[in-house]
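Understanding the architecture of this molecule
Here are the chains, one letter per residue:
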Amino acid sequence: MIRKRSRPVLKPSEGGDPFAQVNPKRTGKLRPLGLPSWSSKVMQEVVRQLLDAYFEPTFSGHSHGFRPGRGCHTALSEIVHKWKGVHWIIEGDISDCFGRLDHEVLLNILSERLQDNRFLRLIRHMLQAGYLEEWRWHETLSGAPQGGVCSPILSNIYLDKWDKFVETVLLPKYNREKRKGKNPAYQRIENAIARAKRKGDRQALRNLRKQRRNFASQDPHDPDSRRLRYGRYADDWALGFSGPKAEAEEIKRDIRDFLRDTLKLELSEEKTLITHTRTSAAKFLGYEIVSQHVDDKLDRRGQRQVNETIGLRVPKEVIEHKCAFYMRRGKPAQRGEMRWESDYSILSK
């Protein structure tokens, strides 16, 4: 039986448990944790190892959560190195993903590749074991408890259907990665530069090259070019799209319909946003994702090297919160008692 320590919603004065631990989310809501007994942990670890050996090699390369050799850093690294040129970011979150995993859908997904009915029956009993809250037994009709040993691998198996939908339907539909046509305004300046070179007019050449930096080399409104990128960490996911906003809205609707109709999950509307990367920042795994644009940062050849690349920014409120411990009245706090200490001890403190 799974013992579940639920996070209290009521204050002690309102009838809540004053001794229960609280683990709030950043939004202020409370996260329930399921803590199995030691014997259940041993059993779940065996199940986890079997499922991991069987399903891990087949998982999507865009999935980074709860996988060996992968994590937040690999998810963010994929965005930085492979998302160049995206204009819109569809950032999303699945509402109460762990708590809403449909048991029948999960077992059907498992049965597609596992034919051992005894093993499937064991997983069914494990999911439906229920939990104890304040020594009262409660039935579990859906979900895999957060804190359970098998919950991460089961959620990855469940959401792998979603990964495959994105890879086999959305990416082929919205990825037309032919090279964009040249920008006519940029091309006119290129022709003027060629004429200035033939005439040997160095002053005009310098002015034209400086003027050329104000224009994109490729047509930003090319109707035949599209680019779609995808990444997921657990139930947090993001898609980078280069194209009109109307198609980004269409992608969001396709996602919502698939999750609702196939996996019986709901998108969190307050967290599922479409953000323009040049004018604002999208948030993913605690970072702000922006599209960089600096016309005067040039390489040795005199060409722009930053434009359209993805940048990761630490949110301003995070920086202010971290700095607040070392500030006093808006300025760095003086700590005179450390004047006679060594550099090493000052830095360590």
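Quick notes on the rules
- Residues numbered from 1 in each chain as written.
- Predicted model: local features only at pLDDT ≥ 70, side-chain atom pairs only at ≥ 80, totals over all residues.
- Heavy atoms only, no water.
- Salt bridge = Lys/Arg side-chain N within 4 Å of Asp/Glu carboxyl O.
- Helix = DSSP H or I, 4+ residues; strand = E, 2+ residues; numbered from the N terminus.
- Buried < 20%, exposed > 50% of the residue type's maximum accessible area, 1.4 Å probe, protein only.
- Axes fitted to C-alpha atoms, helices over the stretch in contact; angles between N-to-C directions.
- Parallel < 35°, antiparallel > 145°, perpendicular 65-115°, else oblique.
- Contact = heavy atoms within 4.5 Å.
- Nonpolar A, V, L, I, M, F, W, Y, C, P; charged D, E, K, R; others polar.
- Left-handed = near helix turned anticlockwise from the far one by under 90°.
- 1 Å grid on protein atoms, 1.4 Å probe; cavity = no way out; pocket = protein on both sides within 12 Å on 5 of 7 lines; lining within 4 Å.
- Points joined across faces, edges and corners; volume = space filled by probe spheres on them.
- Core = buried A, V, L, I, M, F, W, Y, C linked by side-chain atoms within 4.5 Å.
- Phe/Tyr/Trp six-rings, centres within 6.5 Å; stacked < 30°, edge-to-face > 60°.

On to the pattern of salt bridges. Counted under the stated rule, the structure contains 15 salt bridges. A salt bridge links arginine 124 to glutamate 104, with the shortest nitrogen-to-oxygen separation between them at 2.9 Å. A residue pair is termed long-range when its members are at least 10 positions apart, and arginine 124 in helix α4 (residues 117-127) and glutamate 104 in helix α3 (residues 103-111) qualify at 20 residues. What makes glutamate 104 partly exposed here is its relative accessible area of 39%. Between lysine 349 and glutamate 341 there is a salt bridge, with its nearest N and O atoms 2.8 Å apart. The network of salt bridges with shared partners includes Lys173, Glu250 and Asp254.

Before going further, it helps to examine the packing of α3 against helix α5 (residues 151-174). Here α3 crosses α5 at 80 degrees, and the two axes come no closer than 10 Å. Considering the angle they form, α3 stands roughly perpendicular to α5. Across the interface between the two elements, Val105, Leu106, Ile109 and Leu110 of α3 pack against Leu154, Ile157, Tyr158 and Lys161 of α5. Split by residue class, the contact of α3 with α5 holds 7 nonpolar, no polar and 1 charged.

Two measures define how a pair of helices packs: the angle their axes make with one another and the distance between the axes. Remark: helix α6 (residues 184-199) packs on helix α7 (residues 202-212), axes separated minimally by 9 Å, with the N-to-C direction vectors making an angle of 165 degrees. One element, α6, and the other, α7, form an angle in the roughly antiparallel class. By crossing handedness, the relation of α6 to α7 is classed as left-handed. The segment α6 lies against α7, with Tyr186, Ile189, Glu190, Ala192, Ile193, Ala196 and Lys197 engaging Ala204, Leu205, Leu208, Arg209, Gln211 and Arg212.

Further remarks concern empty space enclosed by the protein. Unfilled space is identified by rolling a water-sized probe across the atoms. Inspection of the entire model under this criterion finds 1 cavity of 30 Å³ or more. For the largest cavity, the calculated volume is near 70 Å³. Around the largest cavity, the lining is made up of 10 residues, and of these Met126, Leu127, Pro145, Ser151 and Leu154 lie nearest the centre. Elements that contribute at least two residues to the lining of the largest cavity include exactly α4 and α5.

Grouped together as the largest cluster of nonpolar side chains are 47 residues, with contacts concentrated most on Leu51, Leu110 and Trp162. Of all the secondary-structure elements, those providing two or more residues to this core are α1 (38-55), β3 (88-93), α3, α4, α5, β6 (227-233), β7 (236-242) and α8 (245-261). Counting residues per element, this core draws most heavily on α5, at 11 residues. In contact with tryptophan 162, not counting residues within four places along its chain, are Tyr230, Arg232, Trp237, Ile255, Phe258, Leu259 and Leu263.

On to the packing of aromatic side chains, then. Evaluated as defined, the whole model comprises 7 aromatic pairs. Considering the side-chain rings of tryptophan 162 and tryptophan 237, the 5.5 Å spacing of their centres and the 65 degrees angle between planes classify their relative orientation as edge-to-face. Residue tryptophan 162 is located in helix α5, and its partner tryptophan 237 is located in strand β7; the two are separated by 75 residues in the primary sequence. On the basis of relative accessibility, which here comes to 0%, the residue tryptophan 162 falls in the buried class. Residues phenylalanine 165 and phenylalanine 258 carry aromatic rings whose centres are separated by 4.1 Å and whose planes lie at 10 degrees to one another, so their mutual orientation is stacked.

Another aspect to go through is unusual backbone geometry. Its identity is not glycine, yet phenylalanine 66 carries a phi of approximately 55 degrees, on the positive side. The residue phenylalanine 66 is located in the loop between α1 and α2 (72-82) in this model. Of note, arginine 329 is a non-glycine position whose phi angle comes to about 55 degrees, a positive value. Its location among the elements puts arginine 329 in the loop between β12 (327-328) and β13 (331-332). On the accessibility criterion, arginine 329 (84% relative accessible area) is exposed.

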